[in-house]
Amino acid sequence: MASGSWSTLASKMSVGRRRHGVCYLDGYVYAVGGTDENHRYLASVERYNIATGEWSGVADMSGVRRGHGVAVVDGCIYAVGGYGNGYLSTVERYDPVQNTWTRVASMKGGGRAYFGMCVVNGCIFVYGGHSGGSPKNLVEKYDPAADTWSEVASMTTKREYVSGAALGGFIYACGGKNEKGQRLSSVERYDVAADKWVEVAPMHVTRRYHNVVASGEYLFAMGGQDKSNSSLSSVERYDPVANVWEEVEPMSVVKSCAGACVLLPEAAPPSDVERSA
């Protein structure tokens, strides 16, 4: 965060969302799917115009999703997996120019939700999550150019409700919950080139239903729930060179099951680089 502080946007989404996906693309922050205040599953999508400070609706997904992942590759948004009418393996791609969603290849490992997802070298990586049973350590890679999925090295720990981000050619899987029901503070890092996971320094607190983003040279882990299921406002920053986490300015309110993304510097408001939705 450029200023080390948080601020609240005046404009609100048209509907309250949780367990939704959030991403940034070409001057807009997109909020995708999730559940509303009445626990209804959503297929709707809306976006926030950074320049005007207003939210507006765009085309709905083909079906409802919560606990899914969203990512941006080559100017398109991908919505992956989650829970709708059962655990989903399906994937759809949003073209903002055409304002349309199109189905692409489904995950090979079956339906799952509450996993980590990020992009490295133009490919989408999905790791962990669950499909109604034990947490998974399965990791799959999607190549949009070939429209194919392949399995890569599994995580060292099975994790659901995990969050993570990509930084410096590595993928980080932070926190979540394991097959014993234990909330986790542990973190592991995937070397994309070597196809190998290793453990790195753990976070200061256990977190699930949290968000992790990469900004500049650091990771930021924010919000979520701790081991007592209390929602958190705390934020911590990871330095991969020093392999240490440190606490930074907390959010003004507690947040779990929220969404977060990083705005590119040219699109960011003068007072902030990151916002949480």
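Just above sits the structure.
Quick caveat, the model's predicted, so the values are computed rather than measured. By convention here, each chain's residues receive numbers from 1 onward along its written sequence. Under the rules for a predicted model, residues below a pLDDT of 70 receive no local features and side-chain atom pairs below 80 are neither given nor counted, while totals for whole chains, interfaces and linings still include all residues. The basis for every side-chain value is the complete set of non-hydrogen atoms in the structure, without hydrogens or water.

A. Representation of the sheet that holds strand S20 (residues 218–222) within the structure. For two strands to count as paired, DSSP must find a minimum of two bridges between them. A run of DSSP states H or I qualifies as a helix once it reaches four residues; a run of E qualifies as a strand once it reaches two. Both are numbered from the N-terminal end. Ordered by their spatial adjacency, four strands build an open sheet running S19-S20-S21-S22, and the pairing between neighbours is antiparallel. Two strands in the sheet have a free side with no partner beyond their single neighbour: strand S19 (211–215) and strand S22 (244–248). Here the average twist between neighbouring strands, direction ignored, is 25°. Strand direction decides the pairing type here: S19 and S20, joined by five bridges, are antiparallel. Bridging from a neighbouring strand, Ala214 pairs with Leu219 of S20. In this description, a line fitted to the C-alpha atoms serves as the axis of each element, helices being fitted only across the stretch in contact, and the angle between N-to-C directions of two axes falls anywhere from 0 to 180 degrees.

B. Examining the pairing of strand S9 (residues 91–95) more closely. Note that strand S6 (residues 76–80) and S9 share four bridges and pair antiparallel. Each residue of the ladder has a partner; that of Ala79, found in S9, is Glu92. Alignment of S9 against strand S10 (residues 100–104), held across five bridges, turns out to be antiparallel. Bridging from a neighbouring strand, Tyr94 pairs with Trp101 of S10. In textbook terms, the turn of a hairpin is the stretch between consecutive antiparallel strands, and for S9 and S10 this stretch comprises four residues, one of which, Asn99, has a positive phi near 55°.

C. A look at the environment of Thr100. The topology assignment puts Thr100 in strand S10. A residue is classified by how much of its surface remains accessible, and Thr100, at 35% relative accessible area, is partly exposed. Thr100 sits 42 residues away from Val58 along the chain, and the two C-alpha atoms are 8.7 Å apart. For this analysis, residues touch if any pair of their heavy atoms sits within 4.5 Å. Residue contacts for Thr100: discarding those within four places in its chain leaves Arg93, Tyr94 and Asp95. When accessible area is computed with a 1.4 Å probe and restricted to protein chains, residues below 20% of their type maximum are described as buried, those above 50% as exposed, and intermediate ones as partly exposed.

Fair warning: the whole summary comes from geometry, so function is off the table for now.
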